[in-house]
Amino acid sequence: MGAQVRVFQIHYDAATRAGLDPGFEPLDNSGCERPDWFEYWPMRQFLRDERLAERTYYGFFSPRFFAKTRLTAGQVLDFARAGGDAEVITFSPHPCHCACFINVFEQGEFFYPGILQVAGAFLAEAAPGASLDAFVTHSRNTVFSNFFLARPSFWRRWDALCDRLFALAEARGTPLHALLNRTHDYGKEGGGPARPVQVKVFVLERLASWLLHAERVAVRNYPPFSFPLSDRFSGRLAELVELVRLKIAFCDTGDPQHLYAYAALRGGLLKAAYAGA
């Protein structure tokens, strides 16, 4: 018998409720008290209000899960039920962004300048001794959009780190308060309407990747290059796969030559993809 799995899909109103995958459990966020925290708010409330079964995988997906991954609930549940000893299972979209940036915070910095500084300041506060200097993410430890499932042991650690971020973002007069609550226009990269999102949300959705990097966590990844690529990277799959291979090789061996080769290849690829953007 496979692992027990509970995957919730968040909805905000009648329109998003109607568009949910019926194979997921709906999670109502229509009465959200804190819309500035987006999907984190119902996740936070659930993790505080519910008693979790220790051997069950839990996940919380946005209404845009299918649009970003092209995966149905059936595919997610089938893959997760074969999770075995994994503590975390990822379904992370945007494999081109995983490949083309040294880590998820650098990726955020590329589109929303200032995030790298804020993330570094937060981690220095929340995890003394932590540094982004040696933080390399690849297909095995990247999570975008909080598209992951985990057992309660990981959710507790994730929740504790996010709670520290929440406290600092709420504490007026602290050095990080203003930085975390600064806004960027989100949505332009995907071609949708821009909307203001506070930096704290961009940092928070990258904290799962930080934990997968910082801890010894057994992870199972849905094949990352089965997810759609951005149109900007059409026809560049081989180069993207090589970029990921070089980052994994560096993490496995510590040999900086892999990063030198990575930097040379990704520089040209990013320039071609975003020329004139």
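Quick note: structure is the one above.
Basis of the calculations
Starting afresh in each chain, residues are numbered from 1 along the sequence in its written order. Thresholds applied to this predicted model are a pLDDT of at least 70 for local features of residues and 80 or more for the giving and counting of side-chain atom pairs; totals over whole chains, interfaces and linings are not thresholded and use all residues. The side-chain values count all of the structure's non-hydrogen atoms but skip hydrogen atoms and water molecules. Per the convention used, a helix needs a DSSP run of H or I reaching at least four residues, while a strand needs a run of E reaching at least two, with both numbered from the N terminus. Each residue after the first adds 1.5 Å to the expected span of a helix. Residue burial is assigned from relative accessible area. The probe radius is 1.4 Å, only protein chains are included, and a residue is buried under 20% of its type maximum, exposed over 50%, and partly exposed in between. Whether two residues are in contact is decided by their heavy atoms, any of which lying within 4.5 Å being enough. Definition of a polar contact: a pair of N or O atoms within 3.5 Å, with one able to donate and the other able to accept a hydrogen when the atoms are protein atoms, and with sequence-neighbouring residues admitted only if both atoms are side-chain atoms. In this scheme, strands are said to pair when DSSP sees at least two bridges between them. Only the stretch in contact is used when fitting a helix axis, every axis being a line fitted to C-alpha atoms; angles between N-to-C directions are given from 0 to 180 degrees. Paired rings are identified among Phe, Tyr and Trp, the last through its six-membered ring, by centres lying within 6.5 Å, and are further divided according to the angle between planes into stacked (under 30 degrees), edge-to-face (over 60) and tilted (the rest). The criterion is that NZ of a Lys, or CZ of an Arg, lies within 6 Å of the ring centre and within 35 degrees of the ring normal, and then a charge sits over that ring. By convention a nonpolar core is built from buried Ala, Val, Leu, Ile, Met, Phe, Trp, Tyr and Cys residues, the set being connected through side-chain atoms within 4.5 Å.

## Comments concerning helix α12 (residues 237-253)
- Compared with an ideal rise of 1.5 Å per residue, which puts 17 residues at 24 Å, α12 spans 24 Å between its outermost C-alpha atoms and is within 8% of the ideal.
- Among the residues of α12, L240, L243, V244, L246, K247, I248, A249 and F250 are the ones counted as buried.
- Of the surrounding elements, those touching the buried residues of α12 are α5 (95-100) and α13 (256-274).
- Taken from the residues just after α12, G254 is the one with a positive phi, measuring 75°.

## Details of the side chain of S145
- Turning to its location among the elements, S145 is positioned in the loop between α7 (115-126) and β5 (148-150).
- With a relative accessible area of 14%, S145 lands in the buried category.
- Among the polar contacts listed, one links the side chain of S145 to the side chain of K68, at a separation of 3.1 Å.

## Notes on the sheet that holds strand β2 (residues 25-28)
- Reading across the sheet, the six strands line up as β2-β1-β3-β5-β4-β8 and stay open at both edges, with mixed pairing between neighbours. Two strands close off the open sheet at either side, each with one partner strand: β2 and β8 (219-221). Averaged over all pairs of adjacent strands, the angle between strand axes in this sheet comes to 25°, irrespective of strand direction.
- Across two bridges, the pairing between strand β3 (residues 56-61) and β5 is antiparallel. Residue pairing across strands places G59 opposite L149, the latter belonging to β5.
- Where helix α8 (residues 152-170) meets the sheet, its contacts fall on β3, β4 (88-90) and β5, and the angle it forms with β5 comes to roughly 115°.

## What about the packing of aromatic side chains?
- Scanning the entire structure with this criterion turns up 35 aromatic pairs.
- Ring centres 4.1 Å apart and planes at 5° place the aromatic pair F61 and F65 in the stacked group. Assigned by exposure class, F61 and F65 land together as buried.
- Put simply, the rings of F8, W37, Y40, W41, F46, Y58, F60, F148, F154, W155, W158 and F166 touch in pairs and so form one group of aromatic residues.
- Positioned above the aromatic ring of F166 is the side chain of R44, whose terminal nitrogen or guanidinium carbon lies 3.9 Å from the ring centre.
- Above the plane of the ring of F79 lies R220, whose end atom (NZ or CZ) is 3.8 Å from the centre.

## Considerations on the nonpolar core
- F60, F105, W158 and V203 are the most contacted members of the largest nonpolar core, which has 68 residues in total.
- In terms of residues, this core owes the most to one element, α8, which gives nine residues.
- Beyond its immediate sequence surroundings of up to four residues, V203 is in contact with F105, I115, V118, A119, F122 and L165.
- Listed in part, the 20 residues of the second largest apolar core include V7, F24, L77 and F147.

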